[in-house]
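Structure at a glance
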Amino acid sequence: MPHKVPASEQPVLERLINIRSKLSAVKRNRSSYLTMEDIMPIRLETEEEMKLLTSLRGGRLLESNRELNRADDVLDEILQMLSLCFLSLGKKRESPAVYSQVVTIQHIFDRLDAFGVYDEEYLKAYKAKLEEIDRILNVDSRNQALPDTVMQVLKYKFMQCNRIYQNLIDTIHEVSPELIPIQNKMLSIRRDLATICCRSSFSPSDIKPLQEKIRALDSLRVNGKFVTDDGAVPAGQAVLVGLLEQLFYWSHDLLLVCTDAFSPELQSIRERLVEIKCQLDRLQLTHKWTLRQTDLFTYQHQLHDIVKMIYGTNTDDEESREHLSGKFLDSNGESPEGQTVLQFLLNKCYRTIFELLSGSVPVSEALTPVYNQLLTVRQCLLAVKETGAPCSAEELYPYQMKIMSIEDLRKDGKFYDDRGHIPEGQAICIGLLEECYTLLGELREIPDND
């Protein structure tokens, strides 16, 4: 549980809870498209409370040596929702939009740090996203686009992610090139175990072949070490032996999930995570047409509630029981076996959210239907062009009519939303529209060789 809120911060907490309620109401409202006018008053209220909270804490809202309390928890939820609102408005390249992405990356890194099994290729997408976020923060910081308090929080969260990323990379670089093939085999087994974990059900027959592969890797060791053909002992032994031990542990732990000995408390959490994963998987298939970025907060919130159940997450226990740290506990306060499946499912859910966030484009949700239609028309025209077949006027007529119907939505060269505002994403949509016109013209000019 979060630490107790000091009396001086209680009024701020109450106002933050009220702000969160307002923002939740805006998020749930689907009667019209979201606009900046809907969230700007809430954003300004939040910034005022952040300034006050910073003042109460001596000028630093967040510090690594200060434990979080419920005010931090509620503020985090508000900042995540505001961040997703900015993404929904197509303002992907503005600092407020990066908060939810940074929080999601940090959760993924926390899981990876616990796993210890990953490679540089796996981290590339996160490195690229962190570099993009760094550029956005630097530009907005120079332009003073945000109050100092807000920028301070964004940079603090970003630096936390960057620090964990650097630790992950440093661990990879400890392994000598001679041991990379063995490490890659371990990573392949890890991916197979992760795939099994993410199924709604699995059996020992799914796991035992992987245990045989793990034993085969173990048999490559000479006197407990991995050696080269000439008997040399390359660097990275501790990393690889640690990975091997984890693979042995995970495969054994997953076998327990298939038995009646699996903790009912863990099974309940597993069922929740599997359901969240399935819902996120469905969103990945349909997100272009159905996803409103603010909808992702529902899943982030559910996952956050599950993460808070892990021992050592915002706990008030002064007598820390190190052996329980990072574990889910049962009703007796102990950590039952079978934790691996939950950690893999958590990682999968956060990774899917990251992919959905990364897949967002700088187009407001008011323009998203137009953007999606233009993408579809362009794909169809490119497919027709790929065939190289001549097209008659009759064959091109449906595409021409669709393009004209989209063109008719413009007024004075711009697309407007239902409130008469000019939403974000004009340049992208107009660029796609012009590309469709160009493709249509090229298809008309393809000569008939018959």
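Throughout this description, residue numbers start from 1 for each chain and increase along the sequence as written. For this predicted model, a pLDDT threshold of at least 70 governs which residues receive local features, and a threshold of 80 or more governs which side-chain atom pairs are given and counted, while totals over whole chains, interfaces and linings are taken from all residues. Computation of side-chain values covers all heavy atoms of the structure but excludes hydrogens and water.

1. Description of the overall build of the chain
- Of regular secondary structure, the chain possesses 15 helices and 2 strands.
- Judged by the C-alpha coordinates and their principal axes, the chain covers about 75 × 70 × 45 Å.
- With the model as given, the accessible surface of the chain reaches about 22100 Å², and the carbon-plus-sulfur share is 51%.
- On the chain, the mean spot of the 53 positive side-chain charges and the mean spot of the 68 negative ones are 2 Å from each other. Only DSSP runs of H or I covering at least 4 residues are called helices, and only runs of E covering at least 2 are called strands; the numbering of each starts at the N terminus. Using the Shrake-Rupley algorithm and a 1.4 Å probe, accessible areas are obtained, with residue cover drawn only from the displayed protein chains. The charged-residue count follows a simple rule in which Lys and Arg add positive charge and Asp and Glu add negative charge, with His and chain termini not counted at all. Note on charges: their place is set at NZ of Lys, CZ of Arg, CG of Asp or CD of Glu.

2. Some words on helix α7 (residues 180–197)
- Residue count minus one, scaled by 1.5 Å, sets the expected span of a helix. Compared with the 26 Å implied by 1.5 Å per residue over 18 residues, the 25 Å span of α7 between its first and last C-alpha is a close match.
- The classification of residues rests on relative accessible area computed with a 1.4 Å probe and restricted to protein chains. Under 20% of the type maximum is buried, over 50% is exposed, and intermediate values are partly exposed. Listing the buried residues of α7 in full gives I182, Q183, M186, L187, I189, R190, L193, A194, I196 and C197.
- Buried residues along α7 sit against α4 (99–115), α5 (120–142), α8 (204–218), α9 (237–257) and α12 (340–358). It only takes one pair of heavy atoms within 4.5 Å for two residues to be counted as in contact.

3. A look at the confidence of the model for the chain
- Residue-level confidence of the predictor is summarised by pLDDT, bounded by 0 at the bottom and 100 at the top. When pLDDT is averaged along the chain, the result is 88, and 93% of the positions lie at 70 or above.
- Segment residues 315–320 is flagged for pLDDT under 50; beyond a separation of four residues in sequence, or across chains, it makes 8 contacts in the model.

4. Side note on the pattern of salt bridges
- In what follows, salt bridge is the name for a side-chain nitrogen of Lys or Arg lying within 4 Å of a carboxyl oxygen of Asp or Glu. In total, this model carries 24 salt bridges according to the counting rule given.
- A salt bridge links D305 to K308, with the shortest nitrogen-to-oxygen separation between them at 3.7 Å.
- Judged by relative accessible area, D305 falls into the partly exposed class, the value being 27%.
- The residue E355 makes a salt bridge to R351 at a minimum N-O spacing of 3.7 Å. Remark: R351 and E355 occur in helix α12; sequence separation between them is 4 residues, near one turn of the helix.

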